[in-house]
Amino acid sequence: DAGVTQSPTHLIKTRGQQVTLRCSPKSGHDTVSWYQQALGQGPQFIFQYYEEEERQRGNFPDRFSGHQFPNYSSELNVNALLLGDSALYLCASSRTGASSGANVLTFGAGSRLTVL
Amino acid sequence: QKEVEQDPGPLSVPEGAIVSLNCTYSNSAFQYFMWYRQYSRKGPELLMYTYSSGNKEDGRFTAQVDKSSKYISLFIRDSQPSDSATYLCAMTFPGGFKTIFGAGTRLFVKA
C-alpha cells in the first residue's frame, strides 16, 4: 500500500519562474494539505483541499495556488518565484470524518525547491 | 509571539538515556496535541497524539499534556541511536483543518 507520493523530489528554478509540484495521497485518504518547511523550521500550513475545493488557507500570498483532482491527487503551483520560496514542500493526506477527529496527517517525503 | 514554541536544540544524549522534549503554546483552544518524528531527507511521521490533558504511553514513548500550563512533553525511555531525528510537536483545534507545528528539536543519540 503506497503512502503519499510527491514529485519531483528536487528541482532548481530561477527567480520569477513558475513551478508545479504534484502529490498523490495515501490510499483511502480524500484530503490533501500542503506545507512549506524552511531549513531548520517546522512545517508551515499553506492550504488544504477537500472535494476539489480549497477548504482553508494559511498566511501565504496568492502566488501560491493549488488544485485537487477527482482522484484526490493534488498540485501546488507557485508563480513569480522568490529566493525566499526555497524550501521543502510537503504534501500530507488525511481522511475527513475519521473517527479520531485529530486531523492525523500522513506526509510524503517532500519536494525540495531551490530558487536561484 | 509564535503560537507554538520549541527549543531547536540540538540535544545530544548517550544511548540508554531518558530524553525529554518540550513545547509551549499560547492558544488555549488547542485540543489535539501530536508528536511527529522526521528523519533527514524524509517527511514527518506521526508518533502519537493525545486529546486534551493527560498522559499517553506507547512503548518507549510517553506524551504528556498540561493544559493549565500550556505545556506538552514527549519522553523517550532507553533511547537508541535509531531515535536520532528531529521531533516536531504539533497541535490543532477540534474540527480544525490546519496543524500548527513547532520548529522541531534535533536529537542525537550516541552509541
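Above this note sits the structure.
Residues numbered from 1 in each chain as written. Chains lettered and ligands numbered in written order. Predicted model: local features only at pLDDT ≥ 70, side-chain atom pairs only at ≥ 80, totals over all residues. Heavy atoms only, no water.

Asks: Looking at this structure, how should I read the overall build of chain A?
Replies: Assigned secondary structure in chain A consists of zero helices and 11 strands. In sequence order, the secondary structure elements of chain A are arranged as β-β-β-β-β-β-β-β-β-β-β. With the C-alpha coordinates aligned to their principal axes, the bounding extent of chain A is approximately 45 × 25 × 25 Å. Looking at chain A residue by residue over its 116 residues, the buried ones come to 46%. Contacts spanning at least 24 positions in sequence make up 55% of the contacts within chain A whose residues lie at least 6 apart. Summed over its atoms, the accessible surface of chain A is roughly 5500 Å², and 48% of this surface lies on carbon and sulfur atoms. (Helix = DSSP H or I, 4+ residues; strand = E, 2+ residues; numbered from the N terminus. Buried < 20%, exposed > 50% of the residue type's maximum accessible area, 1.4 Å probe, protein only. Contact = heavy atoms within 4.5 Å. Areas by Shrake-Rupley, 256 points an atom, 1.4 Å probe, with all protein chains shown as cover.)

Asks: What should I look at first to understand the state of the cysteines in this one?
Replies: Two cysteines joined by a covalent bond between their sulfur atoms form a disulfide. Tallied over the entire structure, the rule returns two disulfides over all chains. What pairs with A:Cys23 in a disulfide is A:Cys91, and their sulfur atoms sit 1.8 Å apart. Given an S-S torsion of about -65°, the disulfide between A:Cys23 and A:Cys91 has left-handed geometry. Highlighted residues: A:Cys23 in strand E3 (residues 19-24) and A:Cys91 in strand E9 (residues 87-94), separated in sequence by 68 residues. Residue classification places A:Cys23 among the buried positions, given a relative accessible area of 2%. Residue B:Cys23 pairs covalently with B:Cys89 via a disulfide, S to S 2.0 Å. An S-S torsion of about -100° defines the bridge between B:Cys23 and B:Cys89 as left-handed. Here B:Cys89 lies in strand E9 (residues 85-92) and B:Cys23 lies in strand E3 (residues 19-25), a separation of 66 residues in the sequence. A relative accessible area of 1% means that B:Cys23 is categorised as buried. (Disulfide = S-S within 2.5 Å.)

Asks: Before we go on, may I ask you to explain the sheet that holds strand E6 (residues 54-58) of chain B in this structure?
Replies: The strands making up a sheet associate through backbone hydrogen bonding, with each pair oriented either parallel or antiparallel. All names here are of chain B. Pairing is antiparallel in the open sheet, where five strands are placed in the order E1-E3-E8-E7-E6. Each edge of the sheet is formed by a strand with only one pairing partner; in this case those strands are strand E1 (4-6) and E6. Between one strand axis and the next, the sheet turns by 15° as a mean value, whatever way the strands run. Pairing geometry for E1 and E3, over three bridges, is antiparallel. Among the inter-strand pairings, Glu5 is bridged to a residue of E3, identified as Thr24. (Pairing = 2+ DSSP bridges. Axes fitted to C-alpha atoms, helices over the stretch in contact; angles between N-to-C directions.)

Asks: What is the right way to look at the environment of B:Tyr32 in this model?
Replies: For B:Tyr32, the location among the structural elements is in strand E4 (residues 32-38). Once the C-alpha coordinates of B:Tyr32 and B:Ala111 are considered, the two residues, 79 residues apart in sequence, prove to be 34 Å apart.

Asks: Would you explain the nonpolar core in this entry?
Replies: In this structure, B:Trp35, B:Ile72, B:Leu74 and B:Tyr87 are the most contacted members of the largest nonpolar core, which totals 25 residues. Residue assignment for this core shows that the elements contributing at least two residues are E3, E4, strand E5 (45-51), strand E7 (61-66), strand E8 (71-76), E9 and strand E11 (105-110) of chain B. Not counting residues within four places of it along the chain, the set of residues in contact with B:Leu74 comprises B:Val19, B:Ser20, B:Leu21, B:Trp35, B:Leu47, B:Met48, B:Phe61, B:Thr62, B:Ala63 and B:Tyr87. Within the second largest apolar cluster, 20 residues are counted, among which are A:Leu11, A:Tyr49, A:Phe60 and A:Val115. (Core = buried A, V, L, I, M, F, W, Y, C linked by side-chain atoms within 4.5 Å.)

Asks: Please explain the interface of chain B and chain A as it appears in this structure.
Replies: In many reports, interface size means the accessible area that the parts give up when they come together. Each partner contributes to the interface: chain B provides 21 residues, whereas chain A provides 22 residues. Carbon and sulfur atoms make up 54% of the surface buried where chain B meets chain A, a total of about 1700 Å² over both sides. Considering only the side of chain B, the residues that lose the most area to chain A are B:Phe97, B:Lys98 and B:Phe101, jointly responsible for 34% of the buried surface there. At the junction of chain B with chain A, the criterion picks out four residue pairs in polar contact (both at pLDDT 80 or more). Those elements that place two or more of their residues in the side of chain B that touches chain A are E4, E5 and E9 of chain B. (Buried area = accessible area lost by both parts, 1.4 Å probe. Polar contact = N/O pair within 3.5 Å; in protein donor to acceptor, adjacent residues only side chain to side chain.)

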